[in-house]
Amino acid sequence: MKHLHIVAFCIAVLLTAAGVSAAEVPAGATLQMGAGGSDITTLDPHRATTSTDKPLIGLMFNGLVRFRPGSADFKDLEPDLAERWETSADGRSWTFFLRKDVKFHGNWGRLTADDVVYSLTRAADPSRSSFAADFAAVESIAKIDDGAVRITLKYPDPNFLGRLSNYHGGNIVSKKAVEELGDKFGSNPVGTGPFAFAEHETQRHVKLVANESYFRRRPQIGAIMYRTIPSDSARELAFASGELDLVQGRREQRWVDTTRQRGNMVVDIFRPGEFRTLHINASIPPLDNLKVRQAIAAAINVDDLVQFVGKSVSQKGCSVVPPGYIGEDCSPGAYGYDPVKAKALLAEAGYPDGITLKVVVSNISAILPTMEIIQRQLAKAGIKLDMSVVDHATYQSQIRGNASALVFYGAARFPVADTYLTEFYHSRSIVGKPTAVANFSHCDVADDDIQAARVEGRAERQQELWKDAQRKIHDAVCSVPLFELQQVWGHSKRVNYGYELKGAMNLAPLITEATTLTPR
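J.: What is the right way to look at the overall build of the chain in this model?
T.: Along its length, the chain carries 15 helices and 19 strands. Against the compact-globule benchmark of 24 Å for 520 residues, the chain has a radius of gyration of 23 Å, which places it among compact chains. Seen through its C-alpha atoms, the chain measures out along the principal axes to roughly 70 × 60 × 40 Å. Across the 520 residues of the chain, 58% fall into the buried class. When contacts within the chain are restricted to residue pairs at least 6 apart in sequence, long-range pairs at least 24 apart make up 69% of them.

J.: Which parts of the structure should I look at to understand the side chain of threonine 49?
T.: Mapped onto the elements, threonine 49 comes out in the loop between strand S1 (29-35) and helix H2 (54-60). We classify threonine 49 as buried; its relative accessible area is 13%. Side chain to side chain, threonine 49 and arginine 400 meet in a polar contact 3.5 Å long. Beyond its immediate stretch of four places on either side in the chain, threonine 49 contacts Lys54, Ser130, Phe131, Arg400 and Tyr409.

J.: Is there a simple way to think about empty space enclosed by the protein in this case?
T.: A water-sized probe, rolled over the atoms, reveals where empty space remains. For the coordinates displayed, the defined rule picks out nine cavities of 30 Å³ or more. When its volume is computed, the largest cavity comes out at roughly 260 Å³. As for the largest cavity, its lining consists of 28 residues, and the residues nearest its centre are Ser51, Arg251, Glu274, Ile364 and His392. At the level of secondary structure, the elements contributing two or more residues to the lining of the largest cavity comprise helix H6 (232-240), strand S12 (266-280), helix H12 (392-400) and strand S16 (406-411). For the lining of the largest cavity, the residue count by class is nine nonpolar, 12 polar and seven charged.

J.: How should I be thinking about the packing of aromatic side chains in this particular structure?
T.: Each aromatic ring pair is described using two quantities: the centre-to-centre distance and the angle formed by the ring planes. The final tally for this structure, using the stated rule, is 12 aromatic pairs. Aromatic side chains tyrosine 214 and phenylalanine 215 sit 4.8 Å apart centroid to centroid with 45 degrees between the ring planes, which places their arrangement in the tilted category. Accessibility classification places tyrosine 214 together with phenylalanine 215 in one group, the buried group. Counting every residue linked through ring pairs, the aromatic cluster contains Phe275, Tyr325, Tyr409, Tyr420, Phe424 and Phe440. The residue whose ring lies beneath arginine 84 is phenylalanine 97, and the NZ or CZ to ring-centre distance is 3.9 Å.

J.: Got a minute to help me understand the sheet that holds strand S6 (residues 138-145) in this structure?
T.: The strands making up a sheet associate through hydrogen bonds between their backbones, and the pairing can be parallel or antiparallel. Judged by pairing direction, the sheet is antiparallel, and its four strands sit side by side in the order S4-S5-S7-S6 without closing on themselves. Bordering the open sheet on either side are strand S4 (82-87) and S6, each of which pairs with just one other strand. Strand-to-strand twist in this sheet, taken as the mean axis angle between neighbours without regard to direction, amounts to 20 degrees. Summarising the sheet, S6 and strand S7 (residues 148-153) pair through six bridges and their orientation is antiparallel. Along S7, the bridge assignment pairs alanine 142 with arginine 150. Its contacts with the sheet place helix H3 (residues 113-123) against strand S5 (93-98), S6 and S7, and it is angled at close to 170 degrees to S6.

J.: Help me understand the layout of surface pockets in this model?
T.: Estimated volume of the largest pocket: approximately 410 Å³. Ser71, Ala72, Asp73, Phe74 and Arg271 are the residues nearest the centre of the largest pocket, which is lined by 22 residues in total. In terms of residue count, the dominant contributor to the lining of the largest pocket is S12 (three residues). Across the lining of the largest pocket, the residue classes break down as eight nonpolar, five polar and nine charged.

J.: Sorry if this is basic, but what is going on with the side chain of histidine 168 here?
T.: When you line up the elements, histidine 168 lands in the loop between helix H4 (160-163) and helix H5 (175-181). Assessed through its relative accessible area of 4%, histidine 168 is described here as buried. Within the structure, the side chain of histidine 168 is placed 3.2 Å from the side chain of lysine 54, a separation counted as a polar contact. Among residues more than four places away in sequence, those in contact with histidine 168 are Pro45, His46, Ala48, Lys54, Phe131 and Arg413.

J.: Please clarify how the pattern of salt bridges should be interpreted in this entry.
T.: Oppositely charged side chains may form a pair once their charged atoms are brought near each other. In total, this model carries 33 salt bridges according to the counting rule given. Put simply, arginine 122 and aspartate 44 hold a salt bridge, and the shortest N to O gap is 2.5 Å. Taken together, the residues arginine 122 in helix H3 and aspartate 44 in the loop between S1 and H2 connect sequence positions 78 residues apart. Each member of the pair, arginine 122 as well as aspartate 44, is classed as buried.

J.: Looking at this model, I keep getting lost on helix H9 (residues 302-309). Mind explaining?
T.: A turn of α-helix holds 3.6 residues, and therefore any two residues three or four places apart point the same way. Restricting attention to buried positions, one finds in H9 the residues Val302, Leu305, Val306 and Val309. Down the axis of H9, the sector holding all buried residues measures 95 degrees, keeping them to one side. Looking at the buried residues of H9, the elements they touch are helix H7 (253-262), strand S13 (314-316), helix H11 (368-379) and strand S17 (479-491). A side-chain oxygen of the first residue of H9 lies 3.2 Å from the backbone nitrogen of aspartate 303; this N-cap is asparagine 301. In the segment just after H9, glycine 310 is the residue with positive phi, at about 115 degrees.

J.: Even after reading the chapter, I still don't get the pairing of strand S10 (residues 221-228), so can you show me in this structure?
T.: Along a regular strand, successive side chains alternate from one face of the sheet to the other. By the criterion of burial, S10 is predominantly enclosed, with seven of the eight residues buried. The pairing of strand S9 (residues 205-210) with S10 spans five bridges and is classified as antiparallel. By the bridge assignment, lysine 207 is partnered in S10 with methionine 225.

J.: What is the right way to read the state of the cysteines from this model?
T.: Here a disulfide denotes one covalent bond, and it connects the sulfur atoms of two cysteines. Scanning the entire structure with this criterion turns up two disulfides. Put simply, cysteine 318 and cysteine 330 are joined by a disulfide, and their sulfur atoms are 1.6 Å apart. Here cysteine 318, found in the loop between S13 and helix H10 (339-348), pairs with cysteine 330, found in the loop between S13 and H10; they are 12 residues apart in sequence, far enough to count as distant. Cysteine 318 sits in the partly exposed class, given a relative accessible area of 25%. Looking at cysteine 330, the relative accessible area reads 35%, which means it is partly exposed. Through a disulfide, cysteine 443 is tied to cysteine 478; the S-S separation comes to 2.2 Å. In this structure, the disulfide formed by cysteine 443 and cysteine 478 twists by about 60 degrees around the S-S bond and is classed as right-handed. In this pair, cysteine 443 sits in the loop between helix H13 (417-425) and helix H14 (447-455) while cysteine 478 sits in the loop between helix H15 (459-476) and S17, placing the two residues 35 residues apart along the sequence.

Here is what the cut-offs are and how they apply
- Residues numbered from 1 in each chain as written.
- Predicted model: local features only at pLDDT ≥ 70, side-chain atom pairs only at ≥ 80, totals over all residues.
- Heavy atoms only, no water.
- Helix = DSSP H or I, 4+ residues; strand = E, 2+ residues; numbered from the N terminus.
- Rg over C-alpha atoms; globule rule 2.2 N^0.38 Å.
- Buried < 20%, exposed > 50% of the residue type's maximum accessible area, 1.4 Å probe, protein only.
- Contact = heavy atoms within 4.5 Å.
- Polar contact = N/O pair within 3.5 Å; in protein donor to acceptor, adjacent residues only side chain to side chain.
- 1 Å grid on protein atoms, 1.4 Å probe; cavity = no way out; pocket = protein on both sides within 12 Å on 5 of 7 lines; lining within 4 Å.
- Points joined across faces, edges and corners; volume = space filled by probe spheres on them.
- Nonpolar A, V, L, I, M, F, W, Y, C, P; charged D, E, K, R; others polar.
- Phe/Tyr/Trp six-rings, centres within 6.5 Å; stacked < 30°, edge-to-face > 60°.
- Lys NZ or Arg CZ within 6 Å of the ring centre and 35° of its normal.
- Pairing = 2+ DSSP bridges.
- Axes fitted to C-alpha atoms, helices over the stretch in contact; angles between N-to-C directions.
- Salt bridge = Lys/Arg side-chain N within 4 Å of Asp/Glu carboxyl O.
- Arc of directions from axis to C-beta.
- Disulfide = S-S within 2.5 Å.

What follows is the structure, given as structure tokens:
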């Protein structure tokens, strides 16, 4: 009995620290989610970049605008915290008029223009945000009054509205909470979304509770238990035994087909796909030698990888920019598979007996099986991979610490070439720098084109600059584009999302105020 009292007290303390008292935790169904990572990294929306963190961000925060639930198409942007907006004729001035009925979680007060100005200024600051490059066009962000904000751009940005969506830097935080909590904000997030943070138990779960004051209406789900379970088989067993209602599936054709045949799970396949790329770290010798990088590209059979993953869940890439993004250009062509040529290139580079590369690999099913195939392919050309297999959180940390010669990485971004080129191929984004994002290859050959395209107001010229950037990155073999891997989740028939799921920018089915879970 004493132990139970202690547990109850600890839970109450955790909830109170998050601004949610134990008495305020709403009654109702608890949705059990099973995600594939081993743990979260941060719940600060301006720093959260991993596929384990992002689904939680989407449940707790809002943007000025949002992707309509079930869509990842920027044509489906609609009002969120802003009820309307106006744009000047030259496209440089944007005025947003805020909802008047929005409260932050817990006791952090009402949303005002001060919070919006603070949030977007923070998102544009590379020392405080991983998505600062998305706001390069911003000249000023100003409060008009408590209910209105004006953003002035240095130049017209046709994709600017999407940058203010409920995704990455567009998420709005509580100014008061961030300033008072400081570095602790990432572990005690405060947003305006349908669910509020309650507790985090390391490498076990994050608990969210329904936001009783959510401006759309109180969610019908009372709480979400977001469990981090890196083992695919463990997640599947937990689902089969009824412990999970919604689970991250294996992004493999065989798994999809087998699971659908069983009939005990509704399988969801949706966009955006995470574009799988093998980044070649040119800061680690001998990868600073172009011929060695060319050898790696020639030794990889992308068609075999796509066949392994399966047609329902993957699409072969043709450029360093993902399929379907505005500005994607396939004119340089894919690297041809030729292991004989790969060996010859190694010999020309001074390595006739081959090379050995130390590589860090995540143990999750979306990464490890594919890397094992790549390992075998490269070995045929005399390129040995000394792979260190670690849990996903450790992998994320080590690749950002420049510890891996090759980095197999998948990412989904706002579908415009600028976003992907900036985050993965601009020198400001090189890992280890104060402005680091995800340039694992240390690529710097296309900086001028990327920057020029960003400020170019003529659409045709912008496309030409993006094309030039992609050609230069291709010729330098900064990376080997592989395939786009769709999101795969499965849910119980007891779960009704409340919308048709075709896409989810935060990489997991969005749980909204309309989502329901029927009793067993």
